[in-house]
Amino acid sequence: MSDETDRARFSYEGLERTIHEKARLGLLTSLVSHPKGLSFVELKRLCDLTDGNLSRHIKVLQDADLVTVEKGYEKNRPHTHCMITAEGQRQFFEYVAVLERIVRDATADETAPSTDLKSKPAL
């Protein structure tokens, strides 16, 4: 490849920072796989987050219009229900496509080190 063809080849502009954070990626993955949404308690368990961390990450995703939050009561107890938005789904799958491109690039590059674990020295 020429220098111009290689220019910014590995910059991966599609790695959206809002989604890229580990907890938020986990939250969106959970919500994509549960189209009817999940409760706060279910998200907390699935993503192994504390109440405070989960609240903060949900707020970031909500502010970015990636999720919606409905608060109410269920059996006289507070209940928070989260769902991914259509925009959230779109951005999530675009993000996953960039990750897939990264994997393809890493495995297609002839100059990349071998991924054969047997040939790598022990640390």
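Residues numbered from 1 in each chain as written. Predicted model: local features only at pLDDT ≥ 70, side-chain atom pairs only at ≥ 80, totals over all residues. Heavy atoms only, no water.

1. Thoughts on the pairing of strand β3 (residues 77-84)
Turning to step 1, where the next piece is worked out: Sheet topology places strand β1 (residues 38-39) next to β3; two bridges connect them, and they run antiparallel. Bridged to S39 within β3 is H81.
Turning to step 2, where the next piece is worked out: Alignment of strand β2 (residues 67-74) against β3, held across eight bridges, turns out to be antiparallel. Counted as the bridge partner of G72 is H79 from β3. (Pairing = 2+ DSSP bridges. Helix = DSSP H or I, 4+ residues; strand = E, 2+ residues; numbered from the N terminus.)

2. Notes on the nonpolar core
Turning to step 1, where the next piece is worked out: Core analysis: the biggest nonpolar cluster contains 20 residues, and L27, L28, L31, L43, L54 and I58 have the highest contact counts within it.
Turning to step 2, where the next piece is worked out: For this core, the secondary-structure elements that each account for two or more residues are α3 (22-32), α4 (40-47), α5 (51-63), β3 and α6 (86-108).
Turning to step 3, where the next piece is worked out: If we ignore the near neighbours within four places in the chain, the residues touching I58 are L27, F40, L43, V67, V69 and C82. (Core = buried A, V, L, I, M, F, W, Y, C linked by side-chain atoms within 4.5 Å. Buried < 20%, exposed > 50% of the residue type's maximum accessible area, 1.4 Å probe, protein only. Contact = heavy atoms within 4.5 Å.)

3. Here's the deal with the environment of D51
Turning to step 1, where the next piece is worked out: With respect to the element layout, D51 can be found in helix α5.
Turning to step 2, where the next piece is worked out: Residue D51 is classed as partly exposed on the basis of its relative accessible area, which comes to 40%.
Turning to step 3, where the next piece is worked out: Along the sequence, D51 and V41 sit 10 residues apart, while their C-alpha atoms lie 8.8 Å from each other.
Turning to step 4, where the next piece is worked out: Setting aside anything within four residues of it in sequence, one finds D51 in contact with F40 and K44.

4. Regarding unusual backbone geometry
Turning to step 1, where the next piece is worked out: If you check the backbone angles, D48 has positive phi at about 55 degrees while not being a glycine.
Turning to step 2, where the next piece is worked out: Tracing the backbone through its elements, the reader meets D48 in the loop between α4 and α5.
Turning to step 3, where the next piece is worked out: Using a relative accessible area of 71% as the deciding quantity, one classes D48 as exposed.

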